[in-house]
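Summary of the model geometry
Residue strings, one per chain:
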Amino acid sequence: MKQTREPSILLIQGVSLPELLVGLVLAGFVLSLSAMTLINLGSVSTSSRTQSERRVHLNRALDYISNDVREARAVQLTKPSSWVDPSGYEAVFFLDKPYKVLDSSDEDPANDKDNVVGYYVKTPSVSEGWRTDKVIYRVYHNGSQYVVSPLVDGITNAVPPSCTGGGTVAGNAGLRVNLESAATQIQICLQGKTTADKLPYVVSSRVSVRNF
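Computed from a predicted model, the values in this text were never measured in an experiment.

**Digging into the nonpolar core**
Core analysis: the largest hydrophobic core is formed by 28 residues, its most contacted members being V69, F93 and I188. Of all the elements in the fold, those that place two or more residues in this core are α2 (17–70), β2 (90–96), β3 (116–122), β4 (134–141), β5 (146–155), β7 (175–181), β8 (185–192) and β9 (201–208). No other element matches α2, which puts five residues into this core. Residues W83, Y120, V135 and Y137 belong to the second largest nonpolar core, which totals eight residues.

Given below as structure tokens:
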């Protein structure tokens, strides 16, 4: 007579409640770990992108100032006698520009302040929306009034550590210059914030004024 084997209890036994709970806990742990990893990767990516963008802004600001110097006839650390500093702004240096450089139809070649560009730093107010500690401003006189234009924000309130050129020094708050050669050559140093968890970023350049 043919014998019939009973199904093994191992094949028909279901998962017990404790085993199910343990499995759910392990699955939840793995999913949480994966989610945290993705969030951290996203945060690192955002931080790196922000840091890169800030470096680009600081380098562009340095390039802009450098080109401004190249168009000048001389670099001065004192303002013209007729020049009036904007209230609350800290002067760093001035450029004596050719008359034709400034963008204004009202310029008076006989008025020395109309041929001058000044660079300043200022602590922004909360309502202005700029990054602290300082903002760099470019100022010129268009024949009837002073035009004050922000150039870059997020400048630190400290001396750029690598700005060690010779000559006469001006500026300390994130924008510093060394007038190295009889008003014709200048070292420009910027120190700006990138992200809260990173050290400030420093850029510098040596530039000479026009020689004709």
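Text resumes after the structure shown.
**Some remarks on the state of the cysteines**
On inspection of all chains with the given rule, the structure shows one disulfide. A sulfur-sulfur separation of 2.2 Å characterises the disulfide bridge that pairs C163 with C189. As the torsion about the S-S bond is roughly 80°, the C163-C189 disulfide counts as right-handed. Here C163 is found in the loop between β5 and β6 (168–170), whereas its partner C189 is found in strand β8, with 26 residues between them in sequence. Take C163 and C189: they sit in the same class, and that class is buried.

**A short note on the side chain of K97**
Relative to the elements of secondary structure, K97 occurs in the loop between β2 and β3. A residue is classified by how much of its surface remains accessible, and K97, at 0% relative accessible area, is buried. Of note is the side chain of K97, whose polar atom sits 2.5 Å from the side chain of D68. For K97, the contacting residues outside a window of four places in its chain are D68, E71, A72, R73, N115, V117 and R138.

**Some remarks on the environment of P98**
Tracing the backbone shows P98 in the loop between β2 and β3. Not counting chain neighbours up to four residues away, the residues in contact with P98 comprise E71, A72, R73 and R210.

**Looking at the side chain of R210**
Looking at where R210 falls in the secondary structure, it is placed in the segment after β9. With no salt bridge to any partner, buried R210 finds its closest opposite charge in E71, at an N-O distance of 7.2 Å.

**Looking at a nonpolar patch on the surface**
On the surface, L20, L21 and L24 cluster together to form a nonpolar patch covering roughly 290 Å² of accessible area. Among the structural elements, L24 can be located in helix α2. For L24, a relative accessible area of 54% gives the class exposed.

**A few points about the pattern of salt bridges**
Under the counting rule described, the total for this entry stands at ten salt bridges. Note that D153 and R54 form a salt bridge whose closest N and O atoms lie 3.6 Å from each other. Pair noted here: D153 is in strand β5 and R54 is in helix α2, with a separation of 99 residues, a long-range link. Residues R138 and D68 are paired through a salt bridge, measuring 2.8 Å at the closest nitrogen-oxygen approach. Within this pair, whereas R138 is found in strand β4, its partner D68 is found in helix α2, the two being separated by 70 residues in sequence. Classification of R138 by relative accessible area gives buried; the value is 13%. One continuous salt-bridge network, built from bridges that share partners, spans D68, E71, K97 and R138.

**Points about the packing of aromatic side chains**
As enumerated under the stated definition, the model contains six aromatic pairs in all. Taking the centre distance of 5.0 Å and the plane angle of 80° together, the rings of Y89 and Y137 count as edge-to-face. Here Y137 lies in strand β4 and Y89 lies in the loop between β1 (74–76) and β2, a separation of 48 residues in the sequence. Y137 matches Y89 in its accessibility class, with the two residues each being buried. For the pair F93 and Y119, a centre-to-centre distance of 5.0 Å together with 15° between the ring planes defines the contact as stacked. In this pair, F93 sits in strand β2 while Y119 sits in strand β3, placing the two residues 26 residues apart along the sequence. Given a relative accessible area of 0%, F93 falls into the buried group. Of the aromatic side chains, those joined through ring pairs into one cluster are W83, Y89, F94, Y120, Y137 and Y146.

What counts and what doesn't
- Residues numbered from 1 in each chain as written.
- Predicted model: local features only at pLDDT ≥ 70, side-chain atom pairs only at ≥ 80, totals over all residues.
- Heavy atoms only, no water.
- Core = buried A, V, L, I, M, F, W, Y, C linked by side-chain atoms within 4.5 Å.
- Buried < 20%, exposed > 50% of the residue type's maximum accessible area, 1.4 Å probe, protein only.
- Helix = DSSP H or I, 4+ residues; strand = E, 2+ residues; numbered from the N terminus.
- Disulfide = S-S within 2.5 Å.
- Polar contact = N/O pair within 3.5 Å; in protein donor to acceptor, adjacent residues only side chain to side chain.
- Contact = heavy atoms within 4.5 Å.
- Lys, Arg positive; Asp, Glu negative; His and termini not counted.
- Salt bridge = Lys/Arg side-chain N within 4 Å of Asp/Glu carboxyl O.
- Patch = residues over 30% accessible without salt bridge, like charges linked within 9 Å, V, L, I, M, F, W, Y side chains within 5 Å.
- Areas by Shrake-Rupley, 256 points an atom, 1.4 Å probe, with all protein chains shown as cover.
- Phe/Tyr/Trp six-rings, centres within 6.5 Å; stacked < 30°, edge-to-face > 60°.

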